[in-house]
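# Structural description and commentary
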Amino acid sequence: MSNDAALRENICLLAKSMFDRGLTGGSSGNISARTGDGGLLVTPTGSCFGRLDPATLSLFDASGKHIDGHKPTKEMPLHAAFYDTRSTAGAVVHLHSCHAVALSMMEDVDPDNFLPPLTPYAIMKLGKVKLLPIFLPGDPAMGEAVRGLAGKRSAVMLANHGPVVAGKDVEAACYAIEELEDTARLAMLTRGLPRRGLSDEQVRAVVDGFGVEWED
């Protein structure tokens, strides 16, 4: 099996795993990943994560031309913004995960640091998550908002919509976005309770100890 064939299978396997666990439903969510020759494999528009076909994934060449497969997701400007601004991005994942969306609706969340510091793992995998405003689905302005971050964030939360995460490869991006949803779930489960999270000193120890991208 060629590397690109293995990548096609892996995208579909990871997508089905997330669908089966309720992390995104219906025809929501999209994934893209770099191919060995610098192109992109992308989940098609209107496709269901539970029933992706490796053979019909959208294929782009290194110049950004769609050369094979079904029509790609309408969120391509969002994906392209991450690839164009983060040289380390090998994959981008976008979900409509329930708890992250719920947390984005809360009026008191910090738009510059969306996730509260509840465990070390979201910090390690995501750094600071930027909360972006509400956009209509497919609005190119989402991509422009990501470009405005100048590659300084690996993850954003689209308010009332869903998270988007870039990673070094498709596994890393999927695992990171799952950590984002898990942390948002913890935040919602403990909301209004006398919660004990990480102190500023503990957050700094994680950032320094694991080389996390972190702007003060």
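In short, a report on the structure.

What counts and how
Residues numbered from 1 in each chain as written. Predicted model: local features only at pLDDT ≥ 70, side-chain atom pairs only at ≥ 80, totals over all residues. Heavy atoms only, no water. Helix = DSSP H or I, 4+ residues; strand = E, 2+ residues; numbered from the N terminus. Rg over C-alpha atoms; globule rule 2.2 N^0.38 Å. Buried < 20%, exposed > 50% of the residue type's maximum accessible area, 1.4 Å probe, protein only. Contact = heavy atoms within 4.5 Å. Core = buried A, V, L, I, M, F, W, Y, C linked by side-chain atoms within 4.5 Å. Salt bridge = Lys/Arg side-chain N within 4 Å of Asp/Glu carboxyl O. Polar contact = N/O pair within 3.5 Å; in protein donor to acceptor, adjacent residues only side chain to side chain.

Across its full length, the protein carries 7 helices and 8 strands. Relative to the 2.2 N^0.38 estimate, which gives 17 Å for 216 residues, the radius of gyration of the protein is 17 Å and therefore close to what a compact globule would have. Counting only C-alpha atoms, the protein reaches 50 × 35 × 35 Å along its principal axes. Relative to its 216 residues, the protein shows a buried fraction of 49%. Long-range pairs, those at least 24 residues apart, make up 66% of the contacts in the protein between residues at least 6 apart in sequence.

Membership of the largest hydrophobic core comes to 40 residues, with the highest contact counts inside it found for M18, I31, L115, L126 and V170. Where this core is concerned, the elements lending two or more residues are helix 1 (3-20), strand 1 (30-34), strand 5 (91-94), helix 3 (98-104), helix 4 (120-126), strand 7 (155-158) and helix 6 (170-189). Ranked by the residues each element gives to this core, the list is headed by helix 6, at 8 residues. Beyond its immediate sequence surroundings of up to four residues, V170 is in contact with L7, N10, I11, L14, I31, A33 and A91. Listed in part, the 19 residues of the second largest apolar core include F60, L78, V92 and V164.

Moving on to the pattern of salt bridges. In this structure the tally under the stated criterion is 10 salt bridges. Notably, a salt bridge pairs D20 with K16, separated by 2.7 Å at the nearest N-O pair. You can see D20 and its partner K16 sitting in helix 1, 4 residues apart, about one turn around the helix. Note that E215 and K152 form a salt bridge whose closest N and O atoms lie 3.7 Å from each other. Residue E215 is found in the segment after helix 7 (200-209), and its partner K152 is found in the loop between helix 5 (141-147) and strand 7; the two are separated by 63 residues along the sequence. Classification of K152 as partly exposed rests on a relative accessible area of 47%.

On to the side chain of H94. Among the secondary structure elements, H94 is positioned in strand 5. Of the polar contacts made by the side chain of H94, one reaches the backbone oxygen of P163; its length is 2.9 Å. In this structure, H94 is in contact with G29, N30, F49, E75, L158, H161, G162, P163, V164 and I177, ignoring residues within four places of it in sequence.

Mapped onto the elements of the fold, P111 is located in the loop between helix 3 and helix 4. Taking relative accessible area as the criterion, P111 reaches 43% and is therefore assigned partly exposed. Apart from the residues within four sequence positions on either side, P111 is in contact with V129, K130 and L131.

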